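Observations on the three-dimensional arrangement
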Amino acid sequence: MPRPFTRRQSLQNARFLEALAQTGNARLAAQSLGVHRSTYTKRRSKDAAFAARWESALAPPGAIGNRAQKAANPPPSAQRAENRW
């Protein structure tokens, strides 16, 4: 079990995840906070909960519902290819 984050680390993580959601890029998010990216990637590798929040910050809103909808309704280009055969 990983050691829990300190209050300071938890606040840093929260700010990083907000920046990550806005930029979609870990390097830019860390840079905007003045922290090296490796700080957060090391935390990610050691803490599954932080890793899960990282992934959800990168996922667009409603991504799970969108995936199901895309599977049910393929894009028009795929439909045209199927109709040719």
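These remarks concern the structure in this document. Just so you know, these numbers come straight off a predicted model, no measurement behind them. (Residues numbered from 1 in each chain as written. Predicted model: local features only at pLDDT ≥ 70, side-chain atom pairs only at ≥ 80, totals over all residues. Heavy atoms only, no water.)

Observations concerning the nonpolar core
By size, the foremost hydrophobic cluster in this structure holds eleven residues: F16, L17, A19, L20, A26, A29, A30, Y40, F50, W54 and A57. Of all the secondary structure elements, the ones that give two or more residues to this core are α1 (7–23), α2 (26–33) and α4 (48–58). Ranked by residue count, the leading element in this core is α1, at four residues. Apart from the residues lying within four places of it in its own chain, the contact partners of L17 are F50, R53, W54 and A57. (Core = buried A, V, L, I, M, F, W, Y, C linked by side-chain atoms within 4.5 Å. Buried < 20%, exposed > 50% of the residue type's maximum accessible area, 1.4 Å probe, protein only. Helix = DSSP H or I, 4+ residues; strand = E, 2+ residues; numbered from the N terminus. Contact = heavy atoms within 4.5 Å.)

Section: the packing of helix α3 (residues 37–46) against α4
Between α3 and α4, whose axes approach to 5 Å, the crossing angle comes to 120°. In this structure, α3 meets α4 at a crossing whose hand is left-handed. Contact residues: α3 offers Y40, T41, R43, R44 and K46, while α4 offers A48, F50, A51, W54 and E55. Across the contact of α3 with α4, the residue classes break down as five nonpolar, one polar and four charged. (Axes fitted to C-alpha atoms, helices over the stretch in contact; angles between N-to-C directions. Left-handed = near helix turned anticlockwise from the far one by under 90°. Nonpolar A, V, L, I, M, F, W, Y, C, P; charged D, E, K, R; others polar.)

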